[in-house]
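Descriptive structure summary
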Amino acid sequence: MGMKVSIIVPVYNGEKYIKRAIYSTINQEYKDLEIIIINDGSTDNTLKIIKNIEDKRIRIINKKNTGVSNSRNIGLDNATGDFVMFLDADDYLDSKIVLKLMRYAMPKTMVFCDNYEVFKNKTDIRKVFGKNEKEIAKKDILREITKGNLGLVCSKLIHIDIIKNNKIRFDENLKLSEDQLFFLEIASKCEKFKYIKESLYYYDRRNELSATNSYKKNLLKNYLLLQDKTENILKNEFKIEDKEKNILNEKLFNSFKEVLRNEVAELKIKDYKNRFKNIGELISEVGKRIDFNYVTGSNILYREMLKCIRRDTVINRFRLIVFMKILILKNG
């Protein structure tokens with residue numbers, strides 16, 4: 001018997017797409033699998049659909065709705081495979097992904113590939129690296145995860161001992177980008193990284209994009225916590241130099257834009273005062289943290305937004321609202 005791979009699939013109200021995800025696991029050419037499906041308190045027909053799929057390798061865990069990070073952690077607690085992969089319920093796998101990743105599987109090694117991004121009217125190839133070499137330096141991996149280019153939960157194979165021996169978990173205090181932090185911690189404990197320059201995971205963004213306009217509470221707190229933990233991991237690995245400072249400041253500024261969008265996207269007269277106050281707090285908090293010597297960008301709107309977060313004034317709050325409205329209109 002070969003090495004077993006545990007594929008962890010958390011799902012909440014996924015009746016529209018869970019069948020596709022599950023069949024993409026059971027139809028893998030690599031057969032030594034266990035498929036752990038964590039039903040996170042679904043209230044639709046998700047559980048019924050899962051139970052109607054017959055495959056002895058499927059294990060179903062039912063629980064109350066506590067979120068995707070808790071579901072993934074429960075999946076890790078129950079995994080019995082030598083290696084582990086994650087699949088989001090609205091995504092799906094190429095039938096050869098496990099077979100091809102397992103060719104390079106070793107202890108203390110992360111194996112990963114490119115993926116497809118599926119939109120409503122097109123499918124793009126998302127390449128992690130432009131390089132041809134199969135083995136990538138650890139520092140480059142950590143940088144790319146920090147940027148957000150390699151932080152997604154998809155298309156990675158990891159030896160279970162890296163996770164269990166280092167007690168690495170998904171941070172249940174984070175509601176966004178928790179997978180980015182998880183894989184940054186994983187990468188910090190790996191010795192080698194094997195890169196397959198081939199798209200083998202289908203990251204379906206149609207469901208994700210439909211929810212981008214919903215207001216999220218405590219978003220700034222989430223991103224600042226992520227920023228602090230990311231910076232601490234990098235500091236433990238190597239000396240933070242100009243390139244890393246640029247990446248960290250760029251990351252902070254991008255988080256700022258996302259939090260600002262969150263406040264502005266559905267701005268209404270009835271909650272205007274609260275949103276206006278929140279924008280002031282955003283300027284104050286990010287202005288204290290960002291190092292303006294290490295933020296690059298030639299875009300005029302980009303530079304003007306940076307000027308606004310140097311100082312919290314009424315006019316700067318208004319300017320930021322206008323700038324973000326322009327970006328929202330520009331990006332649809």
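For the structure itself, look to the data block above.
Let me begin by describing the structure that accompanies this report. The shown structure was predicted, so the numbers you read here are calculated from the model rather than taken from an experiment.

**Side note on the packing of aromatic side chains**
Both the distance between ring centres and the angle between the ring planes are used here to describe each pair of aromatic rings. In the structure shown here, the tally under the stated rule is 13 aromatic pairs. Seen from their ring centres, Tyr92 and Tyr202 are 4.6 Å apart, and the 5 degrees between their planes marks the pair as stacked. On the criterion of sequence distance, the pair formed by Tyr92 in strand E5 (residues 92–93) and Tyr202 in strand E9 (residues 192–204) is long-range, its members being 110 residues apart. A cation over an aromatic ring shows up here: Lys122 above the ring of Phe119, its NZ or CZ 5.6 Å from the ring centre. Geometry around Phe292 places Arg310 over its ring, the cationic atom sitting 4.1 Å from the centre.

**Describing unusual backbone geometry**
Phi at Ser155 is positive, roughly 60 degrees, even though this residue is not glycine. In this structure, Ser155 sits in the loop between helix H5 (138–147) and strand E8 (156–159). Unusually for a residue other than glycine, Asn218 sits at a positive phi of about 60 degrees. Note that Asn218 resides in the loop between helix H8 (206–209) and helix H9 (219–237).

**Some points on a nonpolar patch on the surface**
Taken together, the side chains of Val314, Ile315 and Phe318 define a hydrophobic patch exposed on the protein surface, amounting to about 290 Å² of accessible area. Turning to its location among the elements, Ile315 is positioned in helix H13 (residues 314–331). A relative accessible area of 54% means that Ile315 is categorised as exposed.

**Details of the nonpolar core**
Core analysis: the biggest nonpolar cluster contains 67 residues, and Phe112, Ile186 and Leu320 have the highest contact counts within it. When residues of this core are assigned to their parent elements, the largest contribution, 7 residues, is made by helix H10 (residues 242–264). One finds Val9, Leu93, Ile97 and Ile196 within the second-largest nonpolar core, a separate group that totals 34 residues.

**Brief notes about helix H3 (residues 68–78)**
If you check which residues of H3 are buried, you get Ser69, Asn70, Ser71, Arg72, Asn73, Gly75 and Leu76. In the core, the buried residues of H3 are packed alongside strand E1 (5–11), strand E2 (33–40), strand E3 (58–63), strand E4 (83–86), helix H6 (160–165) and helix H7 (178–189).

**Quick look at the environment of Lys100**
Position of Lys100 relative to the elements: it lies in helix H4 (residues 97–102). Considering only alpha carbons, one finds Lys100 and Ile196, 96 residues apart in sequence, at a separation of 8.1 Å. Those residues in contact with Lys100 that sit more than four places away from it in its chain are Ile196, Glu198 and Leu200.

**Some points on the side chain of Glu244**
In this fold, Glu244 is placed in helix H10. Not counting chain neighbours up to four residues away, the residues in contact with Glu244 comprise Lys139, Arg143, Phe238 and Lys239.

**What about the packing of H5 against H7?**
Here H5 crosses H7 at 175 degrees, and the two axes come no closer than 9 Å. As the angle between them shows, H5 and H7 are arranged roughly antiparallel. Across the interface between the two elements, Lys138, Ile141, Leu142, Ile145 and Thr146 of H5 pack against Gln180, Phe183, Leu184, Ala187, Ser188 and Lys189 of H7. Of the residues in the contact of H5 with H7, the class split is 6 nonpolar, 3 polar and 2 charged.

Reading guide: rules and limits
Residues numbered from 1 in each chain as written. Predicted model: local features only at pLDDT ≥ 70, side-chain atom pairs only at ≥ 80, totals over all residues. Heavy atoms only, no water. Phe/Tyr/Trp six-rings, centres within 6.5 Å; stacked < 30°, edge-to-face > 60°. Helix = DSSP H or I, 4+ residues; strand = E, 2+ residues; numbered from the N terminus. Lys NZ or Arg CZ within 6 Å of the ring centre and 35° of its normal. Patch = residues over 30% accessible without salt bridge, like charges linked within 9 Å, V, L, I, M, F, W, Y side chains within 5 Å. Areas by Shrake-Rupley, 256 points an atom, 1.4 Å probe, with all protein chains shown as cover. Salt bridge = Lys/Arg side-chain N within 4 Å of Asp/Glu carboxyl O. Buried < 20%, exposed > 50% of the residue type's maximum accessible area, 1.4 Å probe, protein only. Core = buried A, V, L, I, M, F, W, Y, C linked by side-chain atoms within 4.5 Å. Contact = heavy atoms within 4.5 Å. Axes fitted to C-alpha atoms, helices over the stretch in contact; angles between N-to-C directions. Parallel < 35°, antiparallel > 145°, perpendicular 65-115°, else oblique. Nonpolar A, V, L, I, M, F, W, Y, C, P; charged D, E, K, R; others polar.

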